[in-house]
Amino acid sequence: MSTSFLGTSATRNHTPTANRPLRDGAFGHAIHLVCRECRATSELGPFYACQECFGPLEIGYDFPRLTRAQIEAGPPNIWRYQPLLPVPTDIASSPNMEPGFTRLLKADNLARELGMTSLWVKDDSGNPTHSFKDRVVAVALSAARELGMEVFACPSTGNLANAVAAAGARAGMRTVVFIPADLERAKVITSAVYTDSLVAVHGSYDDVNRLASEIAGEEDGWAFVNVNVRPYYAEGSKTLAFEVAEQLGWRLPQQVVIPVASGSQLTKVDKGFTELVRLGLVEESPVKIFGAQATGCSPVSAAFKDGRDVVRPVKPDTIAKSLAIGNPADGPYALDVARRTGGAIEDVTDQEVREGIRLLARTEGVFAETAGGVTVATLRKLVETGQLDPEAETVVFNTGDGLKTLDAVAHLVGPAATIEPTYAAFTATGLA
Ligand SMILES: Cc1ncc(COP(=O)(O)O)c(C=O)c1O
Ligand SMILES: [Zn+2]
């Protein structure tokens, strides 16, 4: 038993790496951890809280010179951006899920319906376990391996459970995955199929998260992807920004709409765009970043609308279970990004979430899970309320697959007719 993951000076020497030094280049061009509050730096390791102020840590780099051509010559997955991630140069050759480089769809039908000029859907349902979580988990897996940790674990609202269980299986690591007991059946099955250690907890996601933090403090060698290796994990979301820019022909969109649970993805997409500009890979141009929440769990949206800096925790009650984090770790940073870039955080009702799923399916042939329904419905609301410019080029993120949340729309859709196998019966339906 130890508290080795807390990153305090008293425990810094007792880490899972103590018996096994880090190999050279274990974290690529990452050079240290940086506190997001006081900017104090500390060495790379399984730490997530600042020793000075307990603020959250993120990764700092000494980036190499990098050209578009070098990136384009890389593999068709997130490892093409290896120099911009805290992973070693040989990352592509170790067993992993190879997520990313998902399609960017020009969404003309949806644009027309919403009265917009130029709209794209970044469709992350095409990842190996059908959500954007495969990106963050792939980077966390690399960190866990380099740090010599033995158990790959997470608290999850569902999609992360799928991604951790699958990636751990592929890497031959023991996985232990914690979910709220009331999760959608499909998400339970699509996690349990990969692992014998799925733990359903009576309580909300926030309860599960607290339990995970406690276990991380007690057990040596456990990598909780979104707790004690969170700084590495979070960097994976930058690849969404990298891909959008590359797929647009190496330029930035003017507006993006992103779902918010913990708020990590939104803040890292902003970081990704900023890094591309800093490296001269795209021309600098403003990107307004908008966040999307379900009204039944909208602590960040509420703070945005009230003009508060403090995100007050809520008890979630929404069909968008993947976004049901009542106490979001990165909520204040997501607020900052939306305000700084001239975006907004908005929320939509469960009814609007269902309509959002149907709207995207009907117009673009993309079946989103409830998180995508939240995001598309929020896009519609942002246009209708004049918060988002319908003439500016916009990318909306679909981060998960509708097959995992069938119940959200099961009662709304079905056959137009059920008939005998005769031509007469068919013509009688009026569908001929
Ligand atoms: C499908 C989907 N989209 C978006 C998110 C939000 O991610 P974040 O916690 O980084 O805000 C989640 C989180 O679980 C998710 O499952
Ligand atoms: Zn600090």
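Residues numbered from 1 in each chain as written. Chains lettered and ligands numbered in written order. Predicted model: local features only at pLDDT ≥ 70, side-chain atom pairs only at ≥ 80, totals over all residues. Heavy atoms only, no water.

Observations regarding the site of ligand 1
Next up, step 1: Close to ligand 1 lie 16 residues, the nearest being Asn159, Ala261, Ser262, Gly263 and Thr399.
Next up, step 2: In the environment of ligand 1, an oxygen atom lies 2.9 Å from a nitrogen or oxygen atom belonging to the backbone of glutamine 265.
Next up, step 3: Coverage of ligand 1 by the protein chains reaches 98% of its 390 Å² of free accessible surface.
Next up, step 4: When grouped by side-chain class, the residues that make up the shell around ligand 1 number six nonpolar, eight polar and two charged. (Near = heavy atom within 4 Å. Polar contact = N/O pair within 3.5 Å; in protein donor to acceptor, adjacent residues only side chain to side chain. Areas by Shrake-Rupley, 256 points an atom, 1.4 Å probe, with all protein chains shown as cover. Nonpolar A, V, L, I, M, F, W, Y, C, P; charged D, E, K, R; others polar.)

A few points about the coordination of the zinc ion (ligand 2)
Next up, step 1: Summarising the metal site, the zinc ion (ligand 2) is bound by the protein donors Cys35 (SG), Cys38 (SG), Cys50 (SG) and Cys53 (SG), whose distances to it range over 2.2 to 2.4 Å.
Next up, step 2: One can describe the site at the zinc ion (ligand 2) as tetrahedral: its four donor atoms subtend angles covering 100 to 119° at the metal.
Next up, step 3: One chain supplies every donor for the zinc ion (ligand 2), spaced along it as C-x2-C-x11-C-x2-C.
Next up, step 4: Taking the relative accessible area as the measure of exposure, cysteine 50 reaches 3% and is therefore buried.
Next up, step 5: Judged by its relative accessible area of 35%, cysteine 53 is partly exposed. (Donors = N, O, S within 2.8 Å, 3.2 Å for Na, K, Ca; no water. Tetrahedral: all angles 85-135°; square planar, octahedral: opposite > 155°, others 65-115°. Buried < 20%, exposed > 50% of the residue type's maximum accessible area, 1.4 Å probe, protein only.)

A closer look at the confidence of the model for the chain
Next up, step 1: When the pLDDT values of the chain are averaged, the result is 95; 96% of them are 70 or greater.
Next up, step 2: Low pLDDT, under 50, characterises residues 1-18; the stretch is placed with 48 contacts to residues that sit more than four places away or in other chains. (pLDDT = per-residue confidence, 0-100. Contact = heavy atoms within 4.5 Å.)

Let's talk about unusual backbone geometry
Next up, step 1: One non-glycine residue, glutamate 98, lies in positive phi territory at about 50°.
Next up, step 2: Examined against the element boundaries, glutamate 98 turns out to sit in the loop between α1 (68-72) and β4 (104-106).
Next up, step 3: Residue class for glutamate 98 comes out partly exposed when judged on its relative accessible area of 43%.
Next up, step 4: Phi at tryptophan 250 is positive, roughly 60°, even though this residue is not glycine.
Next up, step 5: Locating tryptophan 250 in the fold gives a position in the loop between α8 (238-247) and β10 (255-259). (Helix = DSSP H or I, 4+ residues; strand = E, 2+ residues; numbered from the N terminus.)

What to know about the packing of aromatic side chains
Next up, step 1: Scanning the entire structure with this criterion turns up five aromatic pairs.
Next up, step 2: Ring geometry for tyrosine 61 against phenylalanine 63: centres 4.6 Å apart, planes inclined by 15°, an arrangement best described as stacked. Across the pair, phenylalanine 63 and tyrosine 61 agree in class, each one buried.
Next up, step 3: A connected cluster of aromatic rings, assembled from ring pairs, spans Phe178, Trp222 and Phe224.
Next up, step 4: Over the ring of tryptophan 120 we find lysine 106, and its NZ or CZ is 5.3 Å from the ring centre. (Phe/Tyr/Trp six-rings, centres within 6.5 Å; stacked < 30°, edge-to-face > 60°. Lys NZ or Arg CZ within 6 Å of the ring centre and 35° of its normal.)

Notes on the sheet that holds β10
Next up, step 1: Sheet architecture is open: six strands sit in the order β4-β5-β13-β10-β11-β12, paired in mixed fashion. Of all the strands in the sheet, just β4 and β12 (345-348) have a single pairing partner and so form its edges. On average, adjacent strands in this sheet sit at an angle of 25° to one another, irrespective of strand direction.
Next up, step 2: Two strands pair when backbone bridges link them, and strand β5 (residues 119-123) and strand β13 (residues 394-398) are joined in this way by five bridges, in the parallel orientation. When the sheet's bridge partners are listed, valine 121 is paired in β13 with valine 396. (Pairing = 2+ DSSP bridges. Axes fitted to C-alpha atoms, helices over the stretch in contact; angles between N-to-C directions.)

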